[in-house]
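Notes for the structure review
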Amino acid sequence: MASFLNSSIGKKFLMSLSGLFLITFLLVHLVVNSMILFDPSGALFNNVAHFMGTNPIIRVVEPVLAIGFILHILYACILTLKNQWVRPVGYDKQHSGNSSTWASRNMFVLGALILIFLVIHISNFFWKIKFTGSELLDNGGVNGVENVYLLVTTLFINWWWIDIVYVIGTVVLGLHLTHAFWSAFQTLGLSDNRWRKRLVIAGWVYTILVAGGFALIPLWVKISSMIN
Amino acid sequence: MDLTLKVWRQENRKAKGRFETYSLKNISPDSSFLEMLDVLNEQLVNGNNEPVVFDHDCREGICGTCSLFINGRAHGPDEDITTCQLHMRKFKDGDTIVIEPWRAGGFPVIKDLMVDRSAFDQILQAGGFISVNTGSARDGNNILIPKHKADESMDAAACIGCGACVATCKNSSAMLFLASKVSHLALLPQGRPEAVRRAKAMVAKMDELGFGSCTNTGACEVECPKGISVAHIARLNREFLIANLKP
Ligand code: HEM
Ligand code: SF4
Ligand code: FES
């Protein structure tokens, strides 16, 4: 087991599993957040968010998610550093553009940007809900259900540049995903010449859905507040 | 055609290398890239200078020794060929051509443009073989092999060990080379008995020799002169995972 996890393929195996776990999490996260779009009173989103925050299954998955992120980031650093280190002298001239995509060559940079966005994102919402609290959360909440809807929409309506940060964050995430989706299956050995095409297409569908969906939410909140 | 060459010169493994610039006149567009370098070397020798050291052997695209990184691409601007199959008509009169050795920690420079690829031999020695008892030759059709498997195995066996995959890969990963070797044996019944040991031993050797880790950019298959597909890397991953699941 130890020799497996120390091997180059074993480390990639962990990247892939943690990445697929994050991919699944993103989809669930999007479904929950999309409730913001369907009920402008906010009750629907607040109830679902409350359910997610208190449900025992989710309470168990939460630390697993944190471990998933940490593993993914840890191994991303280990692999990227090793990969830099094994080419002590670089090329004077290298044309990479015709043989690989930009995203596939810049997964670490994209990942680091995602991490920065993640810190902003967690301090905006999760941190306030879990730890510091906010008067917005207590405002109009019924039966112990926090008014997360008010917290989210207030932020997106009051600070237009936060909306921009969120849209940029989703674009960066989307670029990471364009390569990540197929790559994760390839790493697990679950690809061949036929399945590769299908997985790449599925990856694009997933990416457009998830990145587009997450970008839509702040824009929707901001624009509908300007219309009303 | 008239050309300017920027060529990597390096005395030996330890020395610090540098680029030298040379001018060449009246090169025929029909000559091959290596013939153009032969002309350069003749010019250097006639001027009492050290010729440029570069690897080559068969000059017909089958041995894999000719290893040059030309204008930012392994084996130069043409698709699916080795350097010896590259012709000067792919360039324009007045062009500047940058020629570098394969650059990877696993392939140290011996001199100028020649690198040491014995790491590939070591990977092969670790498990890229099948063990058979010697004796009289067996009947060729003793063991029946489905056509599609034989074809796929042959595709993998087309690898000539040139190292363009490592040279091109941003991670200097040898996964395409290793995958073609593992795949070609894993697909055949003769290769199955040693499959577990082979996958483990060859991956361990590759890691030990200082090649990077694959991130599936796919650059290797584009620059591979034999068009080996990264689908073989998926098979290698599969073989390796299964080998590690078995007790
Ligand atoms: C929600 C966020 C994220 C998701 C869904 C995600 C997903 C993935 C997936 C599925 C892969 C492919 C794994 C493979 O090829 O086997 C991957 C690769 C990668 N990720 Fe992430 N990732 C996320 C965040 C991050 C972060 C925060 C970093 C931090 C630096 C990062 C760095 C990388 C790197 C460097 C690779 C390529 C490594 C390799 O292929 O060896 N990712 N990601
Ligand atoms: S896989 Fe292709 S590029 Fe790599 S060594 Fe074999 S023939 Fe050369
Ligand atoms: S010299 Fe043999 S392949 Fe080019």
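Preceding this paragraph is the structure being described.
Now for a quick tour of the structure.

Reading the values: rules and limits
- Residues numbered from 1 in each chain as written.
- Chains lettered and ligands numbered in written order.
- Predicted model: local features only at pLDDT ≥ 70, side-chain atom pairs only at ≥ 80, totals over all residues.
- Heavy atoms only, no water.
- Salt bridge = Lys/Arg side-chain N within 4 Å of Asp/Glu carboxyl O.
- Helix = DSSP H or I, 4+ residues; strand = E, 2+ residues; numbered from the N terminus.
- Buried < 20%, exposed > 50% of the residue type's maximum accessible area, 1.4 Å probe, protein only.
- Contact = heavy atoms within 4.5 Å.
- Buried area = accessible area lost by both parts, 1.4 Å probe.
- Polar contact = N/O pair within 3.5 Å; in protein donor to acceptor, adjacent residues only side chain to side chain.
- Nonpolar A, V, L, I, M, F, W, Y, C, P; charged D, E, K, R; others polar.
- Expected span 1.5 Å × (residues − 1).
- Arc of directions from axis to C-beta.
- Axes fitted to C-alpha atoms, helices over the stretch in contact; angles between N-to-C directions.
- Parallel < 35°, antiparallel > 145°, perpendicular 65-115°, else oblique.
- Donors = N, O, S within 2.8 Å, 3.2 Å for Na, K, Ca; no water.
- Tetrahedral: all angles 85-135°; square planar, octahedral: opposite > 155°, others 65-115°.

Residues and elements named next belong to chain B. One pass over the full model with this rule turns up 18 salt bridges over all chains. For Glu-223, the salt bridge identified is with Arg-73, shortest N-O distance 2.9 Å. Here Glu-223 is found in helix 7 (residues 219-223), whereas its partner Arg-73 is found in strand 4 (residues 73-74), with 150 residues between them in sequence. Residue Arg-73 is classed as buried on the basis of its relative accessible area, which comes to 10%. With a closest N to O distance of 2.9 Å, Lys-147 and Asp-151 form a salt bridge. Residue Lys-147 and its partner Asp-151 are both found in helix 3 (residues 147-157); the two are separated by 4 residues, about one turn of the helix. Owing to a relative accessible area of 60%, Lys-147 belongs among the exposed residues under this scheme.

Between chain B and chain A, the contact holds 48 residues from the first and 36 residues from the second. Here chain B and chain A share an interface that buries about 3400 Å² over both sides, 51% of which is from carbon and sulfur atoms. Ranking the residues of chain B by area buried against chain A places Arg-103, Asn-216 and Leu-241 of chain B at the top, with a combined share of 18%. For the interface between chain B and chain A, the tally reads 2 salt bridges. When the shortest N-O distance is used, the salt bridge between Glu-221 of chain B and Arg-196 of chain A registers 2.9 Å. Here chain B is connected to chain A by 29 residue pairs in polar contact (both at pLDDT 80 or more). Where the side of chain B that touches chain A is concerned, the elements lending two or more residues are strand 5 (96-100), helix 4 (164-168), helix 6 (195-208), helix 7 and helix 8 (231-245) of chain B. Looking at the side of chain B that touches chain A element by element, the count peaks at 9 residues for helix 8 of chain B. Of the residues in the side of chain B that touches chain A, the class split is 23 nonpolar, 16 polar and 9 charged.

Let us now look at helix 1 (residues 33-46) of chain B. All names here are of chain B. Helix length check: helix 1 (14 residues) gives 20 Å between terminal C-alpha atoms against 20 Å at 1.5 Å per residue, within 8%. Along helix 1, the residues that are buried comprise Phe-33, Leu-34, Met-36, Leu-37, Leu-40, Asn-41 and Leu-44. Each buried residue of helix 1 sits inside an arc of 150 degrees when the element is viewed along its axis, so together they form one side. Looking at helix 1, the residues exposed on the side facing more than 90 degrees away from the buried face are Glu-42 and Asn-46. Check the buried side of helix 1 and you find it contacts strand 1 (3-9), strand 2 (18-24), strand 3 (69-70) and strand 5. Phi for Asn-48, located one or two positions after helix 1, is positive at around 65 degrees.

All names here are of chain B. Look at helix 5 (residues 175-186) against helix 8: their axes get within 8 Å of each other, and the N-to-C directions meet at 70 degrees. Here helix 5 is positioned roughly perpendicular relative to helix 8, judged by the angle of their axes. Facing Met-175, Leu-176, Leu-178, Ala-179, Val-182, Ser-183 and Ala-186 of helix 5, the residues of helix 8 in contact are His-232, Ile-233, Arg-235, Leu-236, Asn-237 and Glu-239. Tallied by class, the residues present in the contact of helix 5 with helix 8 amount to 8 nonpolar, 3 polar and 2 charged.

Residue and element names in this part refer to chain A. With distances of 2.1 Å, the protein atoms coordinating the iron atom of ligand 1 are His-72 (NE2) and His-176 (NE2). Each of the 6 donor atoms bound to the iron atom of ligand 1 contributes to angles spanning 87 to 180 degrees, and the resulting shape is octahedral. Of this pair, His-72 sits in helix 5 (residues 56-85) while His-176 is found in helix 11 (residues 160-187), placing the two residues 104 residues apart along the sequence. We classify His-72 as buried; its relative accessible area is 15%. Owing to a relative accessible area of 12%, His-176 belongs among the buried residues under this scheme.

Limitation: the analysis is restricted to geometry and does not speak to function.
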